[in-house]
Amino acid sequence: MTLRLLKTHCGRMDHGGCPIMLEIDDSGIRRVHPDPGGWTGKPYLCAKAFGAVEKLNHPARLTYPIIRTGKRGENRWRRASWDEALGLIAENLDRVREKHGARAVAFCQGMPKGLEHFVLIRLANLFGSPNVVAVQDVCHAPREVTGLHTCGFYPVADFRHHSEVILLWGSNPVATNEEGLMGTLLLDRLAAGTKLIVVDPMKTRLAKRAELYLPVKPGRDALLALAMLNVIVSERLYDEEFVSRWTHGFEELATHVEKFSPHSVAPLVGVDSDLIENAARLYASAKPAAVAWGNAIEQTPNNFNACRALICLMAICGNLDVPGGNVEALDPPVARLGDFVKAKKIPDKPRQMVHAHFGTIPRLMTVPPAFFRKAVCEEIPYPIKAAYMQCTNPLLTWADGPRTLEAIMKLDFLAVSDIYLTPTALYADVVLPAATQFEFNDIGHYGLGHGFILARPRAVDPPGECWPDIKILNELGRRLTPSEYWYDDHEALLDEVLKPSGLDYNEFVQKGILRGEEKFRKYLDKGFRTPTGKVELLLSRADELGLPALPVYDDVGTETEAFPLLLTCRKDPFYLHSSYRWVEVLRKHSPEPFAFINPETAKKYGISSGDPMYIETAKGSVVQKARYHSGVREDVVVAAYGWWFPEDGPEKGYRWTEANLNWITDCSRPGKEFGTPLLRGIPCRIRPVD
Ligand SMILES: Nc1nc2c(c(=O)[nH]1)N[C@H]1C(S)=C(S)[C@@H](COP(=O)(O)OP(=O)(O)OC[C@H]3O[C@@H](n4cnc5c(=O)[nH]c(N)nc54)[C@H](O)[C@@H]3O)O[C@H]1N2
Ligand SMILES: Nc1nc2c(c(=O)[nH]1)N[C@H]1C(S)=C(S)[C@@H](COP(=O)(O)OP(=O)(O)OC[C@H]3O[C@@H](n4cnc5c(=O)[nH]c(N)nc54)[C@H](O)[C@@H]3O)O[C@H]1N2
Ligand code: SF4
Ligand SMILES: [Mo]
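What you are looking at is a predicted structure, and each value in this text was computed from that prediction instead of being measured.

1. A few points about the site of ligand 1
The environment of ligand 1 is made up of 34 residues, and the closest members are Met 111, Thr 392, Thr 397, Asp 418 and Ser 578. Between an oxygen atom of ligand 1 and a side-chain N or O atom of Arg 12, the distance comes to 3.0 Å. In the model, a nitrogen atom of ligand 1 is placed 2.8 Å from a nitrogen or oxygen of the Asp 469 side chain. Residue composition of the shell around ligand 1, by class: 15 nonpolar, 13 polar and six charged.

2. Quick notes on the sheet that holds strand S9 (residues 165-169)
If you walk across this open sheet you meet the four strands as S11-S10-S9-S13, and the pairing is parallel. Each edge of the sheet is formed by a strand with only one pairing partner; in this case those strands are strand S11 (212-214) and strand S13 (289-293). Strand-to-strand twist in this sheet, taken as the mean axis angle between neighbours without regard to direction, amounts to 15°. Note: strand S10 (residues 195-199) against S11, three bridges, orientation parallel. Across the sheet, the residue bridging to Val 198 is Tyr 213, located in S11. Lying over the sheet, helix H12 (residues 273-285) contacts S9, S10, S11 and S13, oriented at roughly 125° with respect to S11.

3. Some thoughts on the UniProt feature "domain: Molybdopterin oxidoreductase" (unreviewed entry) in the protein chain
Taken from the UniProt record, the annotation "domain: Molybdopterin oxidoreductase" (unreviewed entry) applies to residues 61-478. The span residues 61-478 is 39% helix and 15% strand, and its two end C-alpha atoms sit 27 Å from each other.

4. Details of the environment of Phe 358
Within the secondary structure layout, Phe 358 lies in the loop between helix H15 (349-352) and helix H16 (369-378). It is 7.7 Å that separates the C-alpha atoms of Phe 358 and Lys 672, two residues lying 314 residues apart in sequence. Apart from the residues within four sequence positions on either side, Phe 358 is in contact with Phe 371, Lys 374, Ile 380 and Pro 381.

5. Observations concerning the site of ligand 2
Neighbouring ligand 2 are 34 residues; Asn 172, Asp 200, Asn 295, Tyr 575 and His 577 lie closest to it. Between Lys 48 and ligand 2, the recorded distance is 3.5 Å, taken from a side-chain N or O atom to a nitrogen atom. Within the side chain of Asp 221, a nitrogen or oxygen atom sits 2.8 Å from a nitrogen atom of ligand 2. Coverage of ligand 2 by the protein chains reaches 99% of its 920 Å² of free accessible surface. Taken together, the elements giving at least two residues each to the shell around ligand 2 come down to helix H5 (173-176) and strand S22 (565-569). Broken down by class, the residue content of the shell around ligand 2 amounts to 14 nonpolar, eleven polar and nine charged. Each of domain 1 (141-329 + 520-545) and domain 2 (565-688) contributes no fewer than three residues to the shell around ligand 2.

6. A short note on the nonpolar core
Among the nonpolar cores identified, the biggest contains 93 residues, and Leu 22, Ile 29, Phe 372, Leu 421, Phe 438 and Tyr 580 are the most heavily contacted of them. Here the element with the most residues in this core is H16; it accounts for six residues. The residues that make up this core include at least three from each of domain 1 (141-329 + 520-545) and domain 2 (565-688). Setting aside anything within four residues of it in sequence, one finds Leu 22 in contact with Arg 4, Leu 5, Leu 6, Thr 8, Ile 29, Arg 31, Val 32, Phe 438 and Ala 459. Core analysis: the second largest hydrophobic core is formed by 66 residues, Ile 197, Ala 227, Ala 289 and Ile 297 among them.

7. Comments concerning the side chain of Thr 617
With respect to the helices and strands, the residue Thr 617 is situated in strand S24 (residues 612-617). Relative accessible area serves as the criterion here: at 7%, Thr 617 is assigned to the buried category. The contacts of Thr 617, once residues within four sequence positions are left out, are Phe 563, Leu 567, Ile 664, Ile 682, Pro 683 and Cys 684.

8. Quick notes on the domain arrangement of the protein chain
By a widespread convention, an interface's size corresponds to the accessible area lost as its parts come together. Considered domain by domain, the protein chain is made up of domain 1 (141-329 + 520-545) and domain 2 (565-688). Between the C-alpha centres of domain 1 and domain 2 the distance comes to 29 Å. Domain 1 puts 26 residues into the contact, and the matching count from domain 2 is 24 residues. Taken together, the two surfaces of domain 1 and domain 2 that pack against each other cover about 1900 Å², and 64% of this comes from carbon and sulfur. Residue Lys 217 is joined to Asp 635 by a salt bridge in which the shortest nitrogen-to-oxygen separation is 3.9 Å. For the side of domain 1 that touches domain 2, the elements supplying multiple residues, two or more each, are helix H4 (141-151), H5 and helix H13 (303-316). With four residues, H4 is the largest single contributor of residues to the side of domain 1 that touches domain 2. Of the residues contributing to the side of domain 1 that touches domain 2, the split by class is 14 nonpolar, eight polar and four charged.

Basis of the calculations
Residues numbered from 1 in each chain as written. Chains lettered and ligands numbered in written order. Predicted model: local features only at pLDDT ≥ 70, side-chain atom pairs only at ≥ 80, totals over all residues. Heavy atoms only, no water. Near = heavy atom within 4 Å. Polar contact = N/O pair within 3.5 Å; in protein donor to acceptor, adjacent residues only side chain to side chain. Nonpolar A, V, L, I, M, F, W, Y, C, P; charged D, E, K, R; others polar. Pairing = 2+ DSSP bridges. Helix = DSSP H or I, 4+ residues; strand = E, 2+ residues; numbered from the N terminus. Axes fitted to C-alpha atoms, helices over the stretch in contact; angles between N-to-C directions. Contact = heavy atoms within 4.5 Å. UniProt positions renumbered as here; feature names shortened; annotations may be inferred. Areas by Shrake-Rupley, 256 points an atom, 1.4 Å probe, with all protein chains shown as cover. Domains from an automatic or database assignment. Core = buried A, V, L, I, M, F, W, Y, C linked by side-chain atoms within 4.5 Å. Buried < 20%, exposed > 50% of the residue type's maximum accessible area, 1.4 Å probe, protein only. Buried area = accessible area lost by both parts, 1.4 Å probe. Salt bridge = Lys/Arg side-chain N within 4 Å of Asp/Glu carboxyl O.

And the structure:
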């Protein structure tokens with residue numbers, strides 16, 4: 001028996017990135033080891049990485065294409081060849097394009113997993129549809145696009161250099177590795193003496209290590225940031241030189257934040273005013289300091305303002321684009337995203353995309369699910385009739401599950417590519433079996449703005465007839481769009497990305513990682529890429545773009561007598577969104593949907609730890625099990641998200657509505673800029689299940 005070791009990078013279990021080594025023999029991957037020679041320094045491996053291997057060999061995995069024979073959701077299928085399945089998809093997408101125009105076909109993606117995301121956008125552009133639907137409304141677009149408008153780039157926390165202070169705001173990188181914000185690098189910084197401030201309604205493991213912990217009420221982050229700005233301005237703790245030379249609208253901001261004194265804001269945000277003051281002083285007096293801002297601040301309709309306020313904070317304290325601050329990471333020499341996805345094929349895309357009709361923020365390049373469903377269900381602003389979905393399970397991951405089901409049922413045609421027959425796949429017309437991490441050559445972290453890409457070479461063959469998504473898309477591209485943009489061998493797509501680096505894929509694998517040049521204070525040469533060339537504390541084009549010129553706070557969800565608690569969530573450290581509940585090693589760690597509540601709150605409602613309880617919002621109710629956690633605010637429920645029960649089988653629909661948090665989230669009043677629903681800070685109540 002031959003035994004070999006392969007160096008690669010973990011992926012698809014969270015945002016990935018840990019350097020690992022696979023021990024492989026003739027029967028497949030035997031073990032996963034941390035790679036001591038990898039880019040993050042200290043070797044590290046978490047429990048999820050073992051799940052990554054178990055999932056490859058899972059008996060219930062999809063291994064051949066299937067075509068629906070019964071009603072949608074009835075779980076009656078017949079086996080099909082790839083040729084037939086792809087032929088049927090091409091025929092239907094073509095039919096819709098001819099009858100309703102290319103824009104009536106949507107291409108949907110969940111969390112980007114690798115190169116497949118960008119190949120999907122390329123396919124959409126070449127097909128002629130401006131409608132790539134993605135979860136960016138709740139994930140990254142708010143931070144990235146707000147960054148572009150405010151300072152001309154997406155400011156990411158720099159964990160590679162020393163920071164005096166890291167302000168961890170609604171982010172939990174030790175469980176999530178958020179887009180390359182590696183938890184291990186953060187832990188290294190803390191070990192080297194960096195002080196930590198944590199803003200989170202739940203006292204996480206990291207919060208316990210913090211100098212200052214601010215248990216904010218969920219959804220009130222913009223307000224808290226405004227109060228910190230108030231302190232920094234009134235106590236003149238800002239970087240005067242940077243402010244006078246490089247910011248636009250400081251006077252206006254200073255006057256504006258006078259209203260948000262810590263004292264007046266404290267009861268609304270649920271944090272003592274002296275704690276707000278101390279956090280502002282600690283952050284502002286540290287040089288350099290980084291704001292590691294997470295997903296939590298993006299998941300409310302008020303996300304534009306929360307992101308704006310935090311960029312103002314970074315800017316006036318002189319922490320933008322300095323080592324150990326919030327930096328613009330430069331890409332390595334790889335294909336430019338716009339070139340790779342063939343963006344020029346639809347020149348008037350910004351006007352054509354469904355969401356343009358709703359006056360969303362300029363430069364938002366993917367359609368928020370709220371507006372996709374409006375186009376499907378109400379044909380506003382025009383009908384969408386068919387969808388191709390890859391790497392996504394929207395019945396669990398999009399807010400307002402009932403509305404998602406309505407949209408899916410109304411589609412003329414739905415194709416899904418996944419590794420498992422998920423609740424969403426159950427409603428498809430055609431389901432394609434995808435190969436996954438370790439089963440094909442892939443590139444990680446391309447296009448994510450963190451300044452590096454990682455090699456993820458094939459370790460084993462996929463089971464049965466599974467194909468990588470990039471191969472599926474290459475073949476669909478050849479059937480539906482001009483063939484000159486596609487290849488006989490889909491792997492040429494990888495070489496196309498790498499071409500400017502002068503490396504082919506194998507040479508890239510030898511290196512493992514490609515990084516962009518490390519360069520700071522780039523604004524000194526050419527200014528900031530904004531209309532004024534400065535950081536726009538006050539947006540100079542606010543009126544023209546229909547945006548608030550200064551960060552404001554809109555109340556989006558307040559406790560009421562009927563719904564006295566605030567509902568929020570976080571990522572489960574052992575799962576990726578709704579994925580992998582069927583993988584036993586992971587299920588052992590996180591066996592059931594647990595909602596974290598303070599024991600005092602639980603007692604008030606007669607709920608013991610471990611008891612099932614109803615969580616109710618104005619939209620409806622779900623059942624999750626109570627888990628006591630004394631570090632959760634007494635007015636908050638931190639629910640589990642993404643839960644269904646694969647063990648119950650597709651015949652019963654895996655009981656996918658029962659514990660599914662997004663069954664009771666609402667999407668009827670999405671935020672104006674990004675079409676974002678309220679996911680953090682929803683008024684709710686709880687009661688025991690009899
Ligand atoms: N209430 C609430 N809702 C949320 C969030 C929240 O915090 N709270 N978070 C939001 C965020 S940040 C995001 S990014 C979205 C995520 O939303 P989704 O991306 O829809 O999340 P997943 O449940 O991970 O769905 C991914 C699907 O891809 C499949 N899959 C895994 N590997 C592969 C592969 O290699 N190829 C293919 N074709 N399929 C594969 C999995 O089986 C799974 O069904 O959810 C958002 N929704
Ligand atoms: N294990 C695991 N890792 C993942 C994922 C996963 O599903 N599972 N998903 C991946 C994806 S797509 C993303 S976008 C990233 C997200 O990664 P993170 O940004 O780390 O996201 P979350 O875990 O959603 O939220 C972080 C913290 O916000 C807190 N929080 C909840 N509500 C609020 C609030 O209103 N305000 C504040 N300030 N804090 C709040 C939570 O308690 C949690 O500790 O993770 C990626 N990595
Ligand atoms: S932390 Fe994430 S990337 Fe690292 S080993 Fe665990 S699952 Fe993989
Ligand atoms: Mo995400």
